[in-house]
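Structure at a glance
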Amino acid sequence: MSKHHVTTTINGEPVEYLCEAQQTMLDVLRDELNLTGSKEGCGSGDCGACTVIVDGNIVCSCLMLGVEAEGKTITTVEGIAEGDKLHPVQQKFLEHAALQCGFCTPGFIVAAKALLDENKNPTEEETRYWLAGNLCRCTGYDKIIRAVLDAAALMRGEAGAV
Amino acid sequence: MSYLDKSALKVVGTRPVRPDGVEKVIGRANFGADMVMPGMLWGKVLRSPHAHARIRSINTARAAALPGVRAVITADDFPPIASEEAFVGEGPMNFRDLSYNCIARGKVLYDGHAVAAVAATSPAIAEEALDLIAVDYEVLPHVIDVEDAMKADAPVLHDDLFTQGVDPKPTKPSNIAKRIGFNKGDIATGWKEAEVTIERRYTTQPVHQGYIEPHACVVAVGADGQCTIWSSSQGQFMVRAYCAKLLGVDIANIRAMPAEIGGGFGGKTLIYLEPLAMALSRKSGRPVKIVMNREEVFRGTGPAAGSVIEVKLGAKKDGRLVAAELLLKYQAGAFPGSPVGPGCMCAFAMYDIPHVSIVGYDVVSNRPKVAAYRAPGAPNSSFGVESCMDELARQMNIDPLHLREINAAKDGTKAAHGPTWSNIGYLETVQAAQANAHLSHKLGSNQGRGVASGFWFNIGGESSAACHINEDGTATVVEGCPDIGGSRASMAMMAAEVLGIPYERVRPIVADTASVGFSFLTGGSRVTFATGMAVTQAAEKVVVELKKRAAMIWDISPDAVDWKDGKAYPAGPNAGSFEPLSLQEIALKAGRTGGPISAEVTINAQGAGAGWATHICDVEVDSETGRVKILRYTAIQDVGRAIHPSYVEGQIQGGVTQGIGWALNEEYIYDKDGRLENPGFLDYRVPVASDLPMIDAVMLEIPNPRHPFGAKGVGEVPIVPPMAAVANAIFDATGIRMRDLPMSPPKLRAALDAEAPPPRLAAE
Ligand code: FES
Ligand code: FES
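Per chain, the residues get numbers from 1 upward, laid out in the order the sequence is written. Chain labels run from A onward and ligand labels from 1 onward, assigned in the order the entries are written. Residue-level local features of this predicted model are given only where pLDDT is at least 70; pairs of side-chain atoms are given and counted only at 80 or more, and the full residue set underlies all totals for whole chains, interfaces and linings. Only heavy atoms go into the side-chain values, all of them from the structure, while hydrogens and water stay out.

**Structural notes on the pairing of strand β17 (residues 355-364) of chain B**
Residues and elements named next belong to chain B. This is how it is decided: Partly exposed describes any residue whose relative accessible area lies between the buried limit of under 20% and the exposed limit of over 50%, with all areas from a 1.4 Å probe on protein chains only and scaled to the type maximum. Under the DSSP-based scheme used, a helix requires at least four consecutive residues in state H or I and a strand at least two consecutive residues in state E, with every element numbered from the N terminus. In this scheme, strands are said to pair when DSSP sees at least two bridges between them.
Counting buried positions along β17 yields 10 of 10 residues, so the element is predominantly enclosed. Residue alternation in β17 divides its side chains into two sets, H355, S357, V359, Y361 and V363 and V356, I358, G360, D362 and V364, and both sets are buried. Relative to β17, strand β9 (residues 176-184) runs antiparallel, the two being bridged by 8 bridges. Bridge pairing in β17 places F182 opposite I358. Of the strand pairs in this sheet, strand β16 (residues 321-333) and β17 are connected by 10 bridges, and their pairing is parallel.

Structural data, given as structure tokens:
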């Protein structure tokens, strides 16, 4: 099998890699690029643990091929914080104890960031539906939803909304 | 020492950020599948496509010859193991069965049973090699349903399984592994005294724990037999013990490293992959990584037992229960060991009933071996009993909470399974429910309200912990229980409280099996209780040492030193007059006062406090589709002392949500050939964010005097009441009693169509 050469941008940096035609983006991130923050919970697009942002849209990286990244701009969970400054969503996840095992957390962080990029003031219901593609088996979602709404408030410059 | 006085606490009871939080929100935490080793191979597992078949032969030659394949294994690569009960996991485990479950020997017993495994230089080659393994099966008749499996003419899974607990011992093998019974009082007298009786039958389906992280491990065995296991489990010491036994090696030759664990809920209290990776590594001389996919998780691991529950209750006209009878039939999966015992014991634990008779059966069938799942056994029997309590309450026109109130077990009540309760908070949960604002919400049409209660034992057990004072006055806490939901934070908080230093100056770590003393696994809601006790004692030992050092510096007796807020003080004017010495100052001088300051404690913690809960659930039923929407949910629980309240709430909210999934959607669906039809999250539907409201967790703090801070276990009892709470709410909304889980839209829709709803009860 000959490998494909891919040139792309990941977390703001130009990246080149070789991948096999059948390798998913998730496999490439985890096994070729050592970006293991994106998790595989199902490999079938049902759990959201592998969520990344591709050209502004959230995508299950397990459903995308590595070769499809050519020329795209990708953000993974490793690219959400700016240096050592956490994104408000990350900060609020910590403050609200919105993670227990933390395995679903990368997917939720990425999906929630994308939500707040698009909608500065989501309602609880909008947040619940936006995140309905991300499974969490530990928390019952309560604290996750509160953390996201609180992060939105923080980003709007309001204090302690939830 | 005791820290039961909450008002004196500075750290315990607050909500700091967890010590391992940042690495988990930036994607840096290392879970089972994140580990790589130089020269690592990829392992894959071949699984049975049959529910029950004899393995005539396995030909691995073609797979082994595929370029890139470095090892192929079957059961022949494992030593045969005699039947022997082990007690390192949650509940008893037979080593022989565990070995046979990890890799089939002679027969496959369920769809998904592992048959062989390969290790190759890439996942794709390993996958290709699986197709080249030729297994010659003789397909045998199979049995899936628990009651079918109990029939005299059912296909028998194990020729050497004779029902235990019956007299005389049966002459023929069967699928009934065990019969157990519990009695209190005299049930015949109870039925004579009863003025009202009710008898009902309920069923539940197997459900998977559904942790989002599939099982994963990397194992490296050296030429000298030294083995390192990196895996995601609920107990690195459990992994070490099981692997040593299954591979026939000394425990000292295995070092088990705890990866971060992406959920377990009991499902990672046993092993599946580690022995296979170990055998492959031994054979190939290379580290081997195996990661399950989601389909393998569903077909090959867990689930919780499905069950049949027959309940009979007898009461006086005023609602006082006088008699209760229970018959339980629990699916064990392919090997004995369903949690029918706890199912029997938990069923009536909330109530003070003079005459009780309970019988339970542990039954094998051609399904994956069940694993523990949050309060294993209790949710099943409680679904039956708590639904039946609701049916009784409505039949007698008594408020369901009042019925529970007048029958509540209290301190001094003797439970049917033996113990006499003390320091229990069950009645308080009922009274808190009666007073909860939840009840003041008005219900609309198609809406209903249900309540249910639950009990779980919680356990203590063996734990080790160390507390090291660092040169700069910070502290490191070392423990041996994987942190599955924020327990590092609780450990650091308890240590900080005892040492009198800020929480941020204590760093907790979960150590590997070579770096801390033996610790039983994370399970049974035991870690905050038992490991917390070990951590507290280690910190207390350090304080004794710190006082000794201060005494040495001041040249006075250690008895004349007090420890307060992280500083040594002379104890009263007679001790002399000295400026207080901080922990930091003492740490700086440790080299000159006797060397490093640290303590390790190993205990077998006794006196765990049981968990009690009462839940209130409001639902709305869509009469066209049969879909149930959860409108409001309040879970009230006796938590002892909430060390970190956010993580206690989190346990409650998570347990409730799993219970709602169990109630409404989750089930294993088998086709007529015994193959699992829904091994994925698309068709096995767990609750998602848009299915749920906020879940109100109400923590009642009725301290457990046997724990220094009063902690009781909190993680398991939250999953016990939801199934009945939801079913009772559905009845309230529709007048339809759903006695078979899950109460999925098609089933509820069919029930709605079959019955015209009767008018609402006057009391509702
Ligand atoms: S791993 Fe991609 S959605 Fe589950
Ligand atoms: S925190 Fe464990 S799956 Fe979400």
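**Things to note about empty space enclosed by the protein**
Residues and elements named next belong to chain B. Condition: Computed over the protein atoms alone on a 1 Å grid, cavities are sets of points where a 1.4 Å probe fits but cannot get out and pockets are open sets with protein on both sides within 12 Å along at least five of seven lines; a residue lines them when it has an atom within 4 Å of a point. Grid points are joined across faces, edges and corners, and a volume is the space filled by probe spheres set on the points.
Inspection of every chain in the model, using the stated rule, returns 6 cavities of 30 Å³ or more. Of the voids in this model, the largest cavity is the one considered here, and its volume is about 550 Å³. Residue lining of the largest cavity: 35 residues in total, with I484, T522, S525, Q651 and G715 positioned closest to the centre. Put simply, the parts of the chain that give the lining of the largest cavity at least two residues each are α14 (487-499), α15 (527-554) and α17 (645-664). Sort the elements by how many residues they give to the lining of the largest cavity and α17 lands first, with 3 residues.

**Points about the state of the cysteines**
All names here are of chain B. For clarity, the cut-off: We call a pair of cysteine sulfur atoms a disulfide whenever their separation is within 2.5 Å.
In this structure the tally under the stated criterion is 0 disulfides over all chains. Just so you know, C344 is unpaired, no disulfide at all, and the nearest cysteine sulfur is the one on C346, 9.5 Å from it. C344 gets classed as buried once you look at its relative accessible area, which sits at 1%.

**Let's talk about the interface of chain B and chain A**
Threshold: Residues count as neighbours in contact if any of their non-hydrogen atoms are within 4.5 Å of one another. Two parts placed together each lose some accessible area under a 1.4 Å probe, and the buried area is that loss summed for both. When a carboxyl oxygen of Asp or Glu is within 4 Å of a side-chain nitrogen of Lys or Arg, the pair counts as a salt bridge. Residues adjacent in sequence count toward polar contacts only when both atoms are side-chain atoms; beyond that, a polar contact is any pair of N or O atoms within 3.5 Å, and within protein one must be able to donate a hydrogen and the other to accept it. Only Asp, Glu, Lys and Arg are considered charged, only Ala, Val, Leu, Ile, Met, Phe, Trp, Tyr, Cys and Pro nonpolar, and every remaining residue, Gly among them, polar.
The partner chain A presents 44 residues to the 52 residues of chain B that form the contact. Between chain B and chain A, a total of about 3,900 Å² is buried, with carbon and sulfur atoms accounting for 60% of that surface. Here chain B is connected to chain A by 4 salt bridges. As a salt-bridge pair, B:E666 and A:R137 come within 2.8 Å of each other at their nearest N and O atoms. The tally of links between chain B and chain A comes to 20 residue pairs in polar contact (both at pLDDT 80 or more). Broken down by element, the side of chain B that touches chain A gets its largest block of residues, 9 residues, from α17(B). Residue classes in the side of chain B that touches chain A are distributed as 28 nonpolar, 17 polar and 7 charged.

**What to know about the packing of aromatic side chains**
Both the distance between ring centres and the angle between the ring planes are used here to describe each pair of aromatic rings. Residue and element names in this part refer to chain B. Put simply, the test is: Side-chain rings of Phe, Tyr and Trp (the six-membered ring for Trp) are treated as a pair once their centres are within 6.5 Å; stacked means planes under 30 degrees apart, edge-to-face means over 60, and tilted covers the remaining angles. Placement of a charge over a ring requires the Lys NZ or Arg CZ to be within 6 Å of the ring centre, with the centre-to-atom vector within 35 degrees of the ring normal.
This model, assessed by the stated rule, comprises 21 aromatic pairs over all chains. Seen from their ring centres, Y202 and F383 are 5.7 Å apart, and the 75° between their planes marks the pair as edge-to-face. Remark: F383 occurs in helix α11 (residues 378-396) and Y202 occurs in strand β10 (residues 196-204); sequence separation between them is 181 residues. The buried category is assigned to F383, whose relative accessible area is 0%. Where W554 meets F578, the ring centres are 5.0 Å apart and the plane angle is 10°; that geometry is what we call stacked. Taken together, the residues span a long stretch of sequence, with W554 in helix α15 and F578 in the loop between β23 (567-570) and β24 (581-582) at a distance of 24 residues. A residue is classified by how much of its surface remains accessible, and W554, at 9% relative accessible area, is buried. Residue class for F578 comes out partly exposed when judged on its relative accessible area of 29%. Among the aromatic residues, those joined into a ring-pair cluster are Y351, W421, Y426, F455, W456, F457 and W612. Over the aromatic face of F162 sits the side chain of K169, whose NZ or CZ is 4.7 Å from the ring centroid. Residue placement shows K312 over the ring face of W191; its charged tip is 4.2 Å from the ring centre.

**Details of the domain arrangement of chain A**
Interface size is commonly expressed as the accessible surface area that is lost when the partners come together. Residues and elements named next belong to chain A. So the rule is basically this: Domain boundaries shown here were taken from an automatic or database domain assignment.
As assigned here, chain A comprises domain 1 (4-79) and domain 2 (88-155). Between domain 1 and domain 2, the C-alpha centre-to-centre distance is 21 Å. Counting residues at the interface gives 14 residues for domain 1 and 13 residues for domain 2. With both chains or domains summed, domain 1 and domain 2 bury close to 1,100 Å², and 71% of this area falls on carbon and sulfur atoms. Where domain 1 packs against domain 2, one counts 0 salt bridges. Counting across the domain 1 and domain 2 interface gives 3 residue pairs in polar contact (both at pLDDT 80 or more).

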